[in-house]
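Coordinate inspection notes
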Amino acid sequence: MPLLVMKFGGTSVADLGRIANAAAKVRREVARGYDVIVIVSAMSGKTNELVGWVEATSPLFDAREYDAVVSSGENVTAGLMALTLQEMDVPARSWQGWQVPILTTSAHSAARFIDIPRASIDAKFAEGFKVAVVAGFQGVSPEGRITTLGRGGSDTTAVAFAAAFGAERCDIYTDVDGVYTTDPRITDRARKLDRIAFEEMLELASLGAKVLQTRSVELAMRYKVRLRVLSSFEDNDESSGTLVCDEEDIMESKVVSGVAYSRDEAKMTLVKVQDRPGIAAAIFGPLSDAGVNVDMIVQNISEQENGGAFTDMTFSCPTNQVIRARKAMDDARAAGLISYADLVQDTDVAKVSVVGIGMRSHAGVAATMFKALAAENINIKVIATSEIKISVLIDRKYMELAVQALHDAFELQKA
Ligand code: ASP
Ligand code: MG
């Protein structure tokens, strides 16, 4: 039997009516001849509520018990989805993570897959069941404790099942009808993409396009899972939504595919650090050990003073990691590993990025980007580039303007 994985996010299973709507989509695929593995999220808002309860009970909570509590939202929707399908005469059975069992590492609240044995689900398909409903976001550790995969983890569950079961496709049903050139709330010229390459989606997802968990795109890229993002509130056909696929499967790609942004970015500058071999390691080692996700880095030109060489080192990190970053630097200074005159933070910044695989073979993208920002009088504070991405840090109040200007400059409204 050909097999599909269909994943329904929180808004797609927000209440019993929406679960019935999702189940009808599953029934349609079964009628087309597919066996289906359905991955469900918790009802929208549920996981936040559960996290809130944990934090209110125990601010420095035991992560094992956090997982025990927050994984429960998906258990409810999995059972309800199976019941709804049964009411529609579709033979369905539900699985919680430990029942499959979905084996993960014991990194509670951020677990990674180890293995997804097929036997228990294959056996049910062999008995004549048409749908296996699996609770997303969760698994079981080698110690036998329930684990979760990090927020948004049901996407990753879906892709992992598609890979493990050799699914024809992994359909991610959500509340938008696909992946857009940029956030349609920022410009009405944003356009839905029919296809996007894994690598581009990876950049967009990690830059804050919230439609897919970054990890799920990594897995899909590694196992060549055809991943589709589509709306659960529309009637869909084979060409609906956005297909995330191999670069080779994209006929004509533009140089730039999308503009992404992130509001919660902070810029931190270590003023007057010693300019000597090993200084970068002495700064970024402790930051990494403290779990700070440093993105952009700029080292200024060296200045001579009193016989020594000094420089300023600037880096960006998520706003909610500023306190951790500061502590890591203070501790490194106290331990005599580094010295600096000041640590200046700027939390009123935003990161805006253009992404596209076409950049590999086209020059001039950076020039176009900087000209477009200059024309709007937007000052660039930090620049970082990769093979398929250019990011700039700017004052947050200009973020929307920058996104609009770049979307226009690269003519992303045109197919
Ligand atoms: N319910 C979990 C969350 O909100 C997992 C998911 O929906 O993907 O993060
Ligand atoms: Mg999600």
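Here, residues in each chain are numbered from 1, in the same order as that chain's written sequence. For this description, chains carry letters from A and ligands carry numbers from 1, given in the order in which they are written. Predicted model: local features are reported for residues with pLDDT of at least 70 only, side-chain atom pairs are reported and counted for 80 or more only, and whole-chain, interface and lining totals are derived from all residues. Neither water nor hydrogens contribute to the side-chain values; these are computed over all heavy atoms in the structure.

The helix and strand tally for the chain stands at twelve helices and 19 strands. Its C-alpha atoms put the chain at 80 × 50 × 35 Å along the principal axes. Here the term buried applies to any residue with accessible area under 20% of the maximum for its type, exposed to any over 50%, and partly exposed to those in between, with areas from a 1.4 Å probe on protein chains only. Looking at the 415 residues of the chain, the share that counts as buried comes to 50%. Only heavy atoms enter the contact rule, under which two residues are in contact if any of them lie within 4.5 Å. Across the chain, the fraction of contacts at a sequence separation of at least 24, relative to all contacts at a separation of at least 6, is 75%. The protein chains shown are the only cover counted for residues, whose accessible areas, like all others here, come from Shrake-Rupley with a 1.4 Å probe. About 18,600 Å² of surface is accessible on the chain, with carbon and sulfur atoms providing 50% of the total. The positive charge centre, built from 44 side chains, and the negative charge centre, built from 55, are 1 Å apart in the chain. Numbering of helices and strands starts at the N terminus; helices are DSSP runs of H or I of at least 4 residues and strands are runs of E of at least 2. His residues and chain termini do not enter the charge count, which takes Lys and Arg as positive and Asp and Glu as negative. Charge positions are represented by NZ for Lys, CZ for Arg, CG for Asp and CD for Glu.

Our focus in this paragraph is the packing of aromatic side chains. Any two rings among Phe, Tyr and Trp, with Trp reduced to its six-membered ring, count as a pair given centres within 6.5 Å; such a pair is stacked if its planes are under 30 degrees apart, edge-to-face if over 60, and tilted if neither. The final tally for this structure, using the stated rule, is four aromatic pairs. Relative to Tyr66, the ring of Phe61 lies with its centre 5.0 Å away and its plane at 20 degrees, an arrangement referred to as stacked. With relative accessibility at 28%, the residue Phe61 sits in the partly exposed group. Ring centres of Phe284 and Phe315 lie 5.8 Å apart, and the angle between their planes is 80 degrees; on these two criteria the pair is classed as edge-to-face. Of this pair, Phe284 sits in helix α9 (residues 279-289) while Phe315 sits in strand β16 (residues 308-318), and the two are 31 residues apart along the sequence.

Okay, the pattern of salt bridges next. The rule for a salt bridge is simple: a side-chain nitrogen of Lys or Arg has to be within 4 Å of a carboxyl oxygen of Asp or Glu. Going through the model one piece at a time under the given rule, you end up with 27 salt bridges. Arg169 is the salt-bridge partner of Glu238, the closest N and O atoms lying 3.8 Å from each other. Linking Glu238 in the loop between β11 (227-231) and β12 (242-245) with Arg169 in strand β9 (residues 169-174), this pair joins segments that are 69 residues apart in sequence. Using a relative accessible area of 56% as the deciding quantity, one classes Glu238 as exposed. In this structure, Glu305 and Lys272 form a salt bridge, with 2.9 Å as the shortest nitrogen-oxygen distance. Separated by 33 residues along the polypeptide, Glu305 in strand β15 (residues 303-305) and Lys272 in strand β13 (residues 258-274) bring together distant segments of the chain. Of the residues examined, Glu305 reaches a relative accessible area of 36% and is grouped as partly exposed. Among the charged side chains, a network of salt bridges with common partners joins Arg169, Asp171, Arg228 and Glu238.

With that settled, the discussion passes to the sheet that holds β11. Taken together, eight strands build an open sheet; the order of strands is β3-β6-β2-β1-β9-β11-β12-β10 and the sheet is mixed. At either margin of the open sheet sits one strand with a lone partner, and together these are β3 (92-95) and β10 (195-197). Across the sheet, the axes of successive neighbouring strands diverge by a mean angle of 20 degrees, strand direction being ignored. Where strand β2 (residues 35-40) and strand β6 (residues 131-135) come together, five bridges link them in parallel fashion. Each bridged residue has a counterpart across the sheet, and for Val40 the counterpart in β6 is Ala135. Here the axes come from fitting lines to C-alpha atoms, over the contacting stretch only for helices, and the angles between their N-to-C directions go from 0 to 180 degrees. Of the strands in this sheet, β1 (3-8), β2, β6, β9 and β11 touch helix α1 (residues 16-31), which is tilted by about 175 degrees from β1. Two strands pair if DSSP finds at least two bridges between them.

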